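Notes for the structure review
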Amino acid sequence: MKQAITLVIIAFLAACSSEVAKKEEPKEAVHESNDSIVDARRSTSELAHLMRSIYVDMHDNKELLASGTMPSVDWGRYMEIKKATPTDPDDSGVAFDAFADAYMFQLNAFSEASDSTRIMKYNNLVNACLNCHQQYCVGPMDIIRTLEIKN
């Protein structure tokens, strides 16, 4: 069940493939075991792959964080976000770099957070993702919102 949910979430994160590709290719769907539908044309760009990894780590460790435990994840590997090649070349440049800098700032703040501020810093990290996706790729925003830890 957890794998099926993860597949659905990954499909939503992949919703940012270029408009040209969407117009040229017919949309195919694959039915998973729990009748969920996954888009078979997932983007394989470096940036899409990196963002899927970010989502999986944040999703898989949300409960640990909510219980007060800092997960043992190499969060530093996500500091390469500006170097990753996007699906659409137009999704790069000065504005994207500013969002990436804000994300890296929040990632660093989260990594160094004390126990008393860890959940707040984690939610700030989720908001950094949402801020960028409001500008560049709104498709996965609902899924990203599920990462927030409610106090």
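Please refer to the structure placed before this passage.
I will try to describe carefully the structure that is included in this document. (Residues numbered from 1 in each chain as written. Predicted model: local features only at pLDDT ≥ 70, side-chain atom pairs only at ≥ 80, totals over all residues. Heavy atoms only, no water.)

Describing the overall build of the protein chain
- Of the regular secondary structure elements, the protein chain holds six helices and two strands.
- Mapped from its N terminus to its C terminus, the protein chain presents α and β elements in the order α-α-β-β-α-α-α-α.
- Burial statistics for the protein chain: of 151 residues in total, 42% are counted as buried.
- Of the accessible surface of the protein chain, which amounts to about 8700 Å², a share of 53% is contributed by carbon and sulfur atoms. (Helix = DSSP H or I, 4+ residues; strand = E, 2+ residues; numbered from the N terminus. Buried < 20%, exposed > 50% of the residue type's maximum accessible area, 1.4 Å probe, protein only. Areas by Shrake-Rupley, 256 points an atom, 1.4 Å probe, with all protein chains shown as cover.)

What about the packing of helix α3 (residues 46-66) against helix α5 (residues 118-136)?
- Axis separation between α3 and α5 bottoms out at 12 Å; the angle between their running directions is 155°. By the criterion of interaxial angle, the relationship of α3 to α5 is roughly antiparallel. For the element pair α3 and α5, the recorded crossing hand is left-handed. For the pair formed by α3 and α5, the contact residues are M51, M58, K62, L65 and A66 on the first element and R118, I119, Y122, L125, V126 and H133 on the second. (Axes fitted to C-alpha atoms, helices over the stretch in contact; angles between N-to-C directions. Parallel < 35°, antiparallel > 145°, perpendicular 65-115°, else oblique. Left-handed = near helix turned anticlockwise from the far one by under 90°. Contact = heavy atoms within 4.5 Å.)

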